[in-house]
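As a plain string of letters, each chain reads:
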Amino acid sequence: MLDKLKHHWNVSSRREFFSQAGSGLAAIALANLIDEDLFAAAVDPLDPKPPHVAPRAKSVIWCFMEGGPSHVDLFDPKPDLQKYIGQQVPPSFHPETLGVTGFGTNKNGLMPSRRVFTQHGQSGLWISDWLPHIAEHADDLAVIRSCQSDAVNHVGGVCQMNTGDILAGRPSMGAWVTYGLGSARRNLPTFIVMQDDKEIIGGVQNYGSGFLPSTFQGTMFRQGETPILNLKPPAGTTDAQERGKLEFLERLNARYGRDKQDDTELDARARSYELAYQMQSAAPEAVDLSGESEATRKLYGMDEPETQVYGANCLMARRLVERGVRFVEVYSGSGSRWDAHSDLEKNHTQNCRSADKPVAGLLADLKARGMLKDTLVVWGGEFGRTPFFQGALDEKAGRDHNPWGFTMFMAGGGVKGGQTIGTTDELGLRAVEEPHHIYDIHASILYLLGLDHLKTTYLHNGRAERPTRTGGKLITKLWA
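These remarks concern the structure in this document.

### What about unusual backbone geometry?
Here comes step 1: Of note, the phi angle at His 94 is positive, near 50 degrees, even though the residue is not glycine.
Here comes step 2: Note on placement: His 94 falls in the loop between α4 (80-83) and β2 (117-120).
Here comes step 3: For Arg 469, which is not glycine, the phi torsion reads 55 degrees and is therefore positive.

### A look at the packing of helix α11 (residues 308-322) against helix α12 (residues 344-368)
In helix packing, the relevant descriptors are the interaxial angle and the interaxial distance, both defined with respect to the helix axes.
Here comes step 1: In the contact formed by α11 and α12, the axes pass within 8 Å of each other and the chain directions differ by 20 degrees. With respect to α12, the element α11 is oriented roughly parallel. Once α11 is placed against α12, the crossing between them reads as right-handed. Contact residues: Tyr 310, Gly 311, Cys 314, Leu 315 and Arg 318 in α11; Ser 354, Ala 355, Pro 358, Val 359, Leu 362, Asp 365 and Leu 366 in α12.
Here comes step 2: The class makeup of the residues in the contact of α11 with α12 is eight nonpolar, two polar and two charged.

### Quick look at the pattern of salt bridges
Here comes step 1: Considering all chains together, one arrives at 30 salt bridges under this definition.
Here comes step 2: Two residues, Arg 469 and Asp 165, come together in a salt bridge whose shortest N-O distance is 2.9 Å. Here Arg 469 is found in the segment after β17 (463-465), whereas its partner Asp 165 is found in the loop between α6 (154-163) and α7 (173-181), with 304 residues between them in sequence.
Here comes step 3: Between Glu 465 and Arg 170 there is a salt bridge, with the nearest N and O atoms lying 3.1 Å from each other. With Glu 465 in strand β17 and Arg 170 in the loop between α6 and α7, this pair connects stretches of sequence that are 295 residues apart. Exposure class is identical for Glu 465 and Arg 170. Each is buried.
Here comes step 4: Bridged by salt links that share partners, the residues Glu 285, Glu 292, Arg 318, Arg 319, Glu 322, Arg 323, Asp 365 and Arg 369 form one connected network.

Rules and cut-offs
Residues numbered from 1 in each chain as written. Predicted model: local features only at pLDDT ≥ 70, side-chain atom pairs only at ≥ 80, totals over all residues. Heavy atoms only, no water. Helix = DSSP H or I, 4+ residues; strand = E, 2+ residues; numbered from the N terminus. Axes fitted to C-alpha atoms, helices over the stretch in contact; angles between N-to-C directions. Parallel < 35°, antiparallel > 145°, perpendicular 65-115°, else oblique. Left-handed = near helix turned anticlockwise from the far one by under 90°. Contact = heavy atoms within 4.5 Å. Nonpolar A, V, L, I, M, F, W, Y, C, P; charged D, E, K, R; others polar. Salt bridge = Lys/Arg side-chain N within 4 Å of Asp/Glu carboxyl O. Buried < 20%, exposed > 50% of the residue type's maximum accessible area, 1.4 Å probe, protein only.

Now the structure itself:
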C-alpha cells in the first residue's frame, strides 16, 4: 500500500512521503485506495433489532377501508338520530366550530341510520347488519369508537392515518416498524402494501420512508399472477450468472457510493437488487395461492366475484406474515371507493359486501392456525362520516367526512377482545369520552410490536424525530 502511495505522489523516500501526508492529502488518497470490501462492510440497517418492551405481536395486517366508512352505520349506533331526523345539529353540539367550508354547515339536517344493529358474542358488541361475518368475531374485537384525525379530505386523511401528518414527507408506520425492528426474514420485504383495482389516493407518500433511509419504504404488490414486477430472470439465465451480475453491480455501486454515503436512495436501490435475487426463490411460493385448500379459499370469499379480489389479498397477507413479513397493509376500495357523499346505501352495501367476508375469513384463519395471538389485525379508514346528510333526505342520501369522532377496531396481537373503548356524543359527531388521536393509535400499534414510540427516534435536520411527532399516548385498555 505504501509503495502505491509513494508512486501516487511521486516521492522517493519515507521521510518525503510522511511530510506530504501531514498536509492531509494522505487521507484523501487513502479514501480512494481503500479496499472496496472494507468500504462495503457496514451494519445492515435491516438487521433485527431488540424491542424496547416485550412484544405482544410479531406482525400487523392493516385492513384499510379507503374513503371513510360510516361509523354511525356500522359500529356506533345512535338511536337519538331518529328523534331529530331532518333537523339541524342543535347549537349545544357547536357545529359552527367544525370550521371547514362544506363541513358542519348542517344545511341538510340529521339522518338516522337505516341499518339494523344487534348485539353479538358474549360481549354483546353492537354491530350492524352490513357486517354479518365480522360480527361473528365480536369477542375478538376491541372497537375504538373515539378516534380522531386532523384531516377533512382524503389525501390528507389517508396520509395522516399512514404517517401521522396530513402533509406528505414523513415516514409511514410500516417504515417506522422496519426501522425500529429490522427484518425478520431477508428473502421477503419487511413492509408490503396491497391495493385492489385502483391506486391508493396519494400513492407512495402513504408507504414511503420519508426522511428515514429509503431502504425502509414499503413494497407494492399488484393484482394478478405477478404481484411483484420484474422479479423473474430472463429465460436461460443460470443462478451463477445472476449471482455474478449482482456481485459485479455491488462492486460498481460500492465504488460509486464512496463519497455519497448520505444518498439513501442509492443504498436502497442497491439493496433492492439483492432482495430481488433472494426473493426469486421465496416470493413465488409466498404469493402462490393455488396450493391453498378449497375450504380456505371459500373462507376468504375467493369463490364469489364480489369478494374475490379482497379475499385473495387478505389470504396473501396471511401467507406473508406466516413467512415472517412484519407489516402488511391491505386496501379495500383504494381510490376512495368508501367515500359516500351520495347514495350511502348503495355505496356501503357494495363495499361491505366486498370486505366483510374476507376480513372475517382472515380472523378465522389466523385463529385456526394459532396465529391470531401474535398477529395484530387493524381495521378502519382515514375518518368516519357525519350524522347529517348530503343531498336530499331520501334513499340516495349520503354523508360527509367526519374526522372528529369515528371508529376503528383491532383484534389479535395481544389485544383484549369483546370491548368498546371511548364514545362519541349522542349524534356520533364528536369523540367525547376517551378521545384517541391517530398518534395514540400509532403509539399503541408500535407498543404491541415491542416499540416505545418515545424511544423510536431518528435524527433529522438536527432534531430527534419520532413516529408520533409531539403527541401520542398509549391506549392501554387495548391490552389491559
